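# A structural walkthrough
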Amino acid sequence: MSADPRRRGLILVGAHTLWLWFLLPPAAAISHGQVDPAVPAAIGLAVFAVLYLALVAVPVAGLPVPPAVHHGGLILLALVGTGLAATYTKGPEGWLILLMYVCSAGALGLSRPRVSFAWVGGCAAAVVVIGTVRQLPAGETTPTALITLLAGAMTLAFSRVTRLVGELRETQEELARTVLERERLRFAGDLHDLLGHTLSLVVVKAEVVRRLVGPDPGRAATEAADIERIGRTALAEVREAVTGYREHTFSRELRNARTILADVGITVTVRQSGQPLAAEVDDAFRWVLREAVTNVLRHSRASRCDITVEAGDDGALLTVADDGVGARADAPAPGNGLRGLTERLGRVGGALQITAANGSGVRLTARVPARRPFEEPA
């Protein structure tokens, strides 16, 4: 337990110490010689008070005491309190009030609701039984029994609220850890999508420069300049991603895809129809298009790429198809990029599908159904 909860617990123990002023009448009776024998009564009352404070400190201050020892202490407190009350209850000294402390200590220290309720009821019943056996007036026994019952009920309520507050704090901490972990995963996915695409393009451009450096140095210099431009753009995007102020739309990604694919000799056809994309769909489709173009550059050896975007009342659809070599039978399992796309689309209720295109190549399809009114994204 941290220092602050333990400090608060010690303050509560101090408050319980002040609450012992109800024991002043029995103590005054002992000091005035109204109790016989006085020495056992004084020792018993002192042991009762110390034992009560120790038992209260265990749950309140979070002391590391085994449950068996604590429960044994409660039983000892009940025996001492009941014995003192039954032995010395002869007049208006208020010995019956000891059972109120027994009731509170048990209600605070017993975790099982049935056991704690039974403990409270038993303490109130003990007051009535002792008062009846000692032939005390009903005007003294009944209020003490009610006070004992109310003290136990209040202690049970306090203990329950304290436990709920502790559980709420633990839940808040767990939620904070979960949100932080999800944010880390999201940022890792963003960084992978950003750098994976850009580095793939840099590799393609570098291969072009290597092939052209001998036969066409001017073209090689142009391609090298493109590599520098791509690197600067990637650096700016990473900075924007880190600061959280990136404003990169699907339309911009579509223009970049057209330029990049054309630069490496791939014919690009773009078809757009329907309504503007919703904000969450725009962001999801942006990452899908980026990963699809990256895969075309890396693996397809395609000469043509068709990009289709449709948005209507029934949802939005993005299709990226190429005429490359297609997926081989021995192709590796989908990597982090495709898994990340599946997760992104899943957050907006969409799905990703990869099939063979007509003739050859690969067709990547991202579909997001229309969101019903008042429906929150996943």
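Residues numbered from 1 in each chain as written. Predicted model: local features only at pLDDT ≥ 70, side-chain atom pairs only at ≥ 80, totals over all residues. Heavy atoms only, no water.

## A short note on the pairing of strand 3 (residues 315-322)
- Of all 8 residues in strand 3, 8 are buried; the element is thus mostly enclosed.
- Residues of strand 3 alternate between two faces, with Gly315, Leu317, Thr319 and Ala321 on one and Ala316, Leu318, Val320 and Asp322 on the opposite face, all of them buried.
- Looking at chain direction, strand 2 (residues 304-312) and strand 3 are connected through 8 bridges and run antiparallel. Note on strand 3: the bridge partner recorded for glycine 312 is glycine 315.
- Linking strand 2 to strand 3, which pair antiparallel, is a turn of 2 residues.
- Bridging between strand 3 and strand 5 (residues 362-369) involves 7 bridges; their strand directions are antiparallel. The residue bridging alanine 321 from the neighbouring strand is arginine 363, located in strand 5. (Buried < 20%, exposed > 50% of the residue type's maximum accessible area, 1.4 Å probe, protein only. Helix = DSSP H or I, 4+ residues; strand = E, 2+ residues; numbered from the N terminus. Pairing = 2+ DSSP bridges.)

## Comments concerning the sheet that holds strand 3
- In spatial order, the strands read 1-2-3-5-4; together these 5 strands make up an open sheet with mixed pairing. The open sheet has two edge strands, strand 1 (267-274) and strand 4 (351-356), and neither has a second partner. Strand-to-strand twist in this sheet, taken as the mean axis angle between neighbours without regard to direction, amounts to 10°.
- Most of the contacts of helix 10 (residues 279-300) go to strand 3, to which it runs at about 10°, and overall it touches strand 2, strand 3 and strand 5. (Axes fitted to C-alpha atoms, helices over the stretch in contact; angles between N-to-C directions. Contact = heavy atoms within 4.5 Å.)

## Brief notes about the nonpolar core
- Counting 44 residues, the largest nonpolar core has Leu23, Phe48, Leu77, Trp95, Leu98, Tyr101 and Val102 as the members making the most contacts within it.
- Elements that contribute at least two residues to this core include exactly helix 2 (24-31), helix 3 (38-61), helix 4 (67-88), helix 5 (98-109), helix 6 (113-133) and helix 7 (138-212).
- With residues up to four places along the chain from it excluded, the contact list for valine 102 reads Phe48, Leu77, Ala78, Gly81, Trp119 and Cys123.
- Counting 35 residues, the second largest nonpolar core, distinct from the first, contains Val296, Cys305, Leu364 and Val368. (Core = buried A, V, L, I, M, F, W, Y, C linked by side-chain atoms within 4.5 Å.)

## Here's the deal with the packing of aromatic side chains
- Within this structure, the stated rule accounts for 4 aromatic pairs.
- Taken together, the aromatic side chains of Phe48, Tyr52 and Tyr101 make up a single cluster linked through ring pairs.
- Over the aromatic face of tryptophan 287 sits the side chain of arginine 344, whose NZ or CZ is 4.4 Å from the ring centroid. (Phe/Tyr/Trp six-rings, centres within 6.5 Å; stacked < 30°, edge-to-face > 60°. Lys NZ or Arg CZ within 6 Å of the ring centre and 35° of its normal.)

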